[in-house]
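For reference, the chains in residue letters:
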Amino acid sequence: MSKLNRFIRQSFIGGFLVIAPIVIILLAFRWAVNGVRDLIAPLATPLARASGAPPLLIDVLVIASILLCCFVIGTLVATSAGRWLQHLIDRHLSRFAPGYRMVKDILNQMFGSDSNSPFNKGEVAVVKLYGADVPTLATAIVTSRHRDGWYTVFVPTGPNPTSGFVYHLPGECVTLRPDIKLDSAFRSIIACGAGSSELAITKTAIQP
């Protein structure tokens, strides 16, 4: 009887683990689609009423128009005149909307080409947060190197790697791990440490 119960339990859990991610992805996709439709409704609804076209077609055309605008604006700001205009707009928006600068910096760190972004060109490291003599280790991303040999590192929190803590550590507390790719480290952090043994996080590396 215990074997039958174990079989039923394992089968149920196995099926749940297959179906649950698919359901979550579909729900997330539905939430994203509904969110986009709500955002473009002020443009799409009048166009649909005026043209008589199917609402889905209008939604697609509006989204395509927005993407085209993003492309055109991105091309414009790549020029000197565009950068000047962007700087002027940023300065005025920062004055009247205090949170604008913070939101823009966060988006640049995550999706932009900011060379200082830990999500773009950071280096993976294993750090000793409590001193070189304490064996406690943490996975970190090097965000800055100092002339005196110190490092500034970002230690992400799992399962959300976009939040974390910033530490300033001496060189003896930082072991660079160039053999670990940034995306591999983030996958381990998102999984709350699962996969760290495959990455050999605690393996001794050569100090720079």
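Residues numbered from 1 in each chain as written. Predicted model: local features only at pLDDT ≥ 70, side-chain atom pairs only at ≥ 80, totals over all residues. Heavy atoms only, no water.

A. Here's a closer look at the overall build of the protein chain. A count of helices and strands for the protein chain gives 6 helices and 5 strands. Relative to its full complement of 208 residues, the protein chain shows a buried share of 22%. Of the contacts made within the protein chain by residues no fewer than 6 positions apart, 37% connect residues no fewer than 24 positions apart. If you sum the accessible surface of the protein chain, you get close to 14,900 Å²; carbon and sulfur atoms cover 68% of it. (Helix = DSSP H or I, 4+ residues; strand = E, 2+ residues; numbered from the N terminus. Buried < 20%, exposed > 50% of the residue type's maximum accessible area, 1.4 Å probe, protein only. Contact = heavy atoms within 4.5 Å. Areas by Shrake-Rupley, 256 points an atom, 1.4 Å probe, with all protein chains shown as cover.)

B. Quick look at the packing of aromatic side chains. All told, the structure shown has 1 aromatic pair when counted by the stated rule. Plain terms: the ring middles of Phe165 and Tyr167 are 6.5 Å apart, the flat faces sit at 50 degrees to each other, and that makes the pair tilted. (Phe/Tyr/Trp six-rings, centres within 6.5 Å; stacked < 30°, edge-to-face > 60°.)

C. Up close: a nonpolar patch on the surface. Taken together, the side chains of Val18, Ile19, Ile22, Val23, Leu26 and Leu27 make up a nonpolar region of the molecular surface, amounting to roughly 570 Å² of accessible area. Here Val23 is to be found in helix α1 (residues 2-51). Under the relative-accessibility criterion, Val23 is labelled partly exposed at 37%. (Patch = residues over 30% accessible without salt bridge, like charges linked within 9 Å, V, L, I, M, F, W, Y side chains within 5 Å. Salt bridge = Lys/Arg side-chain N within 4 Å of Asp/Glu carboxyl O.)

D. Quick look at the packing of α1 against helix α2 (residues 55-77). Packing of α1 against α2 brings their axes to within 9 Å, and their N-to-C directions diverge by 120 degrees. Viewed along their axes, α1 and α2 adopt a mutual orientation that is oblique. Remark: the crossing between α1 and α2 carries right-handed chirality. Between α1 and α2, the contacting residues are Val36, Arg37, Ile40, Leu43, Ala44, Leu47, Ala48 and Ser51 on the first element and Ile58, Asp59, Val62, Ile63 and Ile66 on the second. Per-class residue counts for the contact of α1 with α2 are 10 nonpolar, 1 polar and 2 charged. (Axes fitted to C-alpha atoms, helices over the stretch in contact; angles between N-to-C directions. Parallel < 35°, antiparallel > 145°, perpendicular 65-115°, else oblique. Left-handed = near helix turned anticlockwise from the far one by under 90°. Nonpolar A, V, L, I, M, F, W, Y, C, P; charged D, E, K, R; others polar.)

E. Highlighting the sheet that holds strand β1 (residues 123-127). Taken together, 5 strands build an open sheet; the order of strands is β4-β3-β2-β1-β5 and the sheet is antiparallel. Both outer strands of the open sheet, β4 (164-169) and β5 (174-176), are each paired with one neighbouring strand and no more. In this sheet, adjacent strand axes meet at a mean angle of 40 degrees when their direction is disregarded. As judged from the 6 bridges shared by strand β3 (residues 151-156) and β4, these two strands associate in the antiparallel manner. Across the sheet, Tyr151 pairs through a bridge with Leu169, a residue of β4. Here helix α5 (residues 182-190) sits on the sheet in contact with β1, β2 (138-145) and β3, set at roughly 135 degrees to β2. (Pairing = 2+ DSSP bridges.)

F. Looking closely at the nonpolar core. With 12 residues, the main nonpolar core is built from Ala125, Val127, Ala138, Ala140, Val142, Tyr151, Val153, Val155, Leu169, Cys173, Val174 and Leu176. Of all elements in the fold, only β1, β2, β3 and β5 reach the threshold of two or more residues within this core. Judged by nonpolar contacts, the second largest core, of 9 residues, contains Val124, Ile141, Ile189 and Ile201. (Core = buried A, V, L, I, M, F, W, Y, C linked by side-chain atoms within 4.5 Å.)

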